[in-house]
Amino acid sequence: MPLPFCPGCRIAVAIYSHFGPGKFPANWGMVFYCVVAYVLLNVVLMIFCAIKEGDSFLITHPKPGAEYGLRVASHMERFSDHYTLVISSANKWLDREIKLETSVTDYFHSDGYLAEAKFKHHVAKLLGQYERLDASSDPRPKALTPGKQD
């Protein structure tokens, strides 16, 4: 089932269950089947998202002339200040991955505000490193550690 079709079906089932023919006590069977269909369509969508997207929060289309887009994911352990930002190929089978591993405290001023320019600079540097990796056939570079390379 294609992804654009699935949300439309869920919405159609929900609307039909609310505004379908008959009043509730008489049409409980139709409402029951609509609820079952809605749950099944949600399960299909969740499985699709788990398989296709994984832990990514952004998957891009390829740039003109490129074969694959980018997959961007982040990870932060519970009760830890260590943050990992990962940029990799949208094709899961390619071994092109760059990581930014740092402490989140590096991106905040003493008064608690986000140092957005510093974060953007490090993400731009990470993206440039990925583009150089994508253009060359060199092995994967090590993770970028901002505190040591600035």
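Located above this text is the structure these notes cover.
Residues numbered from 1 in each chain as written. Predicted model: local features only at pLDDT ≥ 70, side-chain atom pairs only at ≥ 80, totals over all residues. Heavy atoms only, no water.

Draft legend 1. Here's a closer look at the overall build of the chain. Per the secondary structure count, the chain includes 4 helices and 4 strands. For the chain, the succession of helices and strands along the chain, N to C, is α-α-β-β-β-β-α-α. Here the chain holds 150 residues, and 26% of them are scored as buried. When contacts within the chain are restricted to residue pairs at least 6 apart in sequence, long-range pairs at least 24 apart make up 37% of them. For the chain, the exposed area adds up to about 10,900 Å²; of that, 64% sits on carbon and sulfur atoms. (Helix = DSSP H or I, 4+ residues; strand = E, 2+ residues; numbered from the N terminus. Buried < 20%, exposed > 50% of the residue type's maximum accessible area, 1.4 Å probe, protein only. Contact = heavy atoms within 4.5 Å. Areas by Shrake-Rupley, 256 points an atom, 1.4 Å probe, with all protein chains shown as cover.)

Draft legend 2. Focus on the nonpolar core. Membership of the largest hydrophobic core is limited to 11 residues, which are Leu-70, Val-72, Tyr-83, Leu-85, Ile-87, Ile-98, Leu-100, Tyr-107, Leu-126, Tyr-130 and Leu-133. Counting only elements with at least two residues in this core, the list comes to strand S2 (70-76), strand S3 (82-89), strand S4 (97-103) and helix H3 (116-135). Ignoring sequence-local partners within four residues, the contact set of Tyr-83 consists of Ser-74, His-75, Met-76, Leu-100, Glu-101, Thr-102, Val-104 and Phe-119. (Core = buried A, V, L, I, M, F, W, Y, C linked by side-chain atoms within 4.5 Å.)

Draft legend 3. Layout of the packing of aromatic side chains. Using the criterion set out here, one finds 2 aromatic pairs in the structure. Ring geometry for Phe-32 versus Tyr-33: centroids 5.6 Å apart, planes at 65 degrees, classification edge-to-face. A ring pair is formed by Tyr-107 and Phe-119, whose centres lie 5.1 Å apart and whose planes are at 85 degrees; its orientation type is edge-to-face. Of this pair, Tyr-107 sits in the loop between S4 and H3 while Phe-119 is found in helix H3, placing the two residues 12 residues apart along the sequence. (Phe/Tyr/Trp six-rings, centres within 6.5 Å; stacked < 30°, edge-to-face > 60°.)

Draft legend 4. A nonpolar patch on the surface, seen in detail. On the surface, Phe-24, Trp-28, Phe-32, Tyr-33, Val-36 and Leu-40 cluster together into a nonpolar patch covering about 720 Å² of accessible area. For Tyr-33, the location among the structural elements is in helix H2 (residues 28-52). According to the relative accessible area criterion, Tyr-33 is exposed, its value standing at 60%. (Patch = residues over 30% accessible without salt bridge, like charges linked within 9 Å, V, L, I, M, F, W, Y side chains within 5 Å. Salt bridge = Lys/Arg side-chain N within 4 Å of Asp/Glu carboxyl O.)

Draft legend 5. Summary view of the sheet that holds S3. Overall, antiparallel pairing links the 4 strands, which are arranged S1-S2-S3-S4 in an open sheet. Here the strands that pair on one side only, and so sit at the sheet edges, are strand S1 (56-59) and S4. The sheet shows a mean angle of 15 degrees between the axes of neighbouring strands, direction not considered. For S1 and S2, the ladder comprises 3 bridges, and the chain directions are antiparallel. If you follow Ile-59 over to S2, its bridge partner there is Arg-71. (Pairing = 2+ DSSP bridges. Axes fitted to C-alpha atoms, helices over the stretch in contact; angles between N-to-C directions.)

Draft legend 6. Local environment of H3. Compared with an ideal rise of 1.5 Å per residue, which puts 20 residues at 28 Å, H3 spans 28 Å between its outermost C-alpha atoms and is within 8% of the ideal. Every buried residue of H3 is accounted for by His-122, Leu-126, Gly-128, Gln-129, Tyr-130 and Leu-133. (Expected span 1.5 Å × (residues − 1).)

Draft legend 7. Focus on H2. An ideal rise of 1.5 Å per residue puts 36 Å on 25 residues; H2 measures up with 36 Å between its terminal C-alpha atoms. Listed as buried for H2 are Met-30, Val-31, Cys-34, Leu-41 and Leu-45. Looking one or two places after H2, you find Gly-54, whose phi comes out positive at around 65 degrees.

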